Amino acid sequence: VDVFQAWCGPCKPVVNLFQKIRNQLGSDLLHFAVAEVDSIDALEKYRGQCEPVFLFYTGGELVAVVRGADAPLLQKTILKHL
């Protein structure tokens, strides 16, 4: 989940990375979503930040958090949890 502020917007360059990995691994394994923190109370702790935050869930449980648009780290995290 790409967690973003309304004034900053979702991290568009990372969307391409996720699409590339999803195409390589198959669409059933990886799902990408965006969430605006101002409209979701459960994400309140991420408000006021100007860096992208990516939350990784497996089986409905939060398993990793990556701060910043670090493509190699994001790819490593995705592959680790798949």
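Parameters and conventions
- Residues numbered from 1 in each chain as written.
- Predicted model: local features only at pLDDT ≥ 70, side-chain atom pairs only at ≥ 80, totals over all residues.
- Heavy atoms only, no water.
- Axes fitted to C-alpha atoms, helices over the stretch in contact; angles between N-to-C directions.
- Helix = DSSP H or I, 4+ residues; strand = E, 2+ residues; numbered from the N terminus.
- Left-handed = near helix turned anticlockwise from the far one by under 90°.
- Contact = heavy atoms within 4.5 Å.
- Nonpolar A, V, L, I, M, F, W, Y, C, P; charged D, E, K, R; others polar.
- Core = buried A, V, L, I, M, F, W, Y, C linked by side-chain atoms within 4.5 Å.
- Buried < 20%, exposed > 50% of the residue type's maximum accessible area, 1.4 Å probe, protein only.
- Pairing = 2+ DSSP bridges.

For the protein chain, the name recorded in an unreviewed UniProt entry is TXND6 protein, with Horornis vulcanius as its organism.

*Asks:* If you had to explain the packing of helix H1 (residues 12-25) against helix H2 (residues 71-81) to someone new, which residues and values would you point to?
*Replies:* Interhelical geometry of H1 versus H2 gives an angle of 35° and a closest axis separation of 11 Å. For the pair H1 and H2, the crossing hand works out as right-handed. The segment H1 lies against H2, with Val14, Leu17, Phe18, Ile21 and Leu25 engaging Ala71, Leu74, Gln75, Ile78 and Leu79. A breakdown of the residues in the contact of H1 with H2 according to their chemical character gives 9 nonpolar, 1 polar and no charged.

*Asks:* A description of the nonpolar core should follow, citing residues and the corresponding values.
*Replies:* Core analysis: the biggest nonpolar cluster contains 12 residues, these being Cys11, Val14, Leu17, Phe18, Ile21, Leu30, Phe54, Phe56, Ala64, Val66, Leu74 and Ile78. Mapped by element, the contributors of at least two residues to this core are H1, strand S3 (53-58), strand S4 (61-67) and H2. Counting residues per element, this core draws most heavily on H1, at 4 residues. Non-local contacts of Leu17, meaning those with residues more than four positions away in its chain, are made with Ala71, Leu74 and Gln75.

*Asks:* Could you give an account of the pairing of S4, with specific residues and numbers?
*Replies:* With 6 bridges connecting them, S3 and S4 associate as antiparallel partners. If you follow Leu55 over to S4, its bridge partner there is Val65. Here S3 hands over to S4 after 2 residues, with Gly59 in that stretch at a positive phi of 60°.

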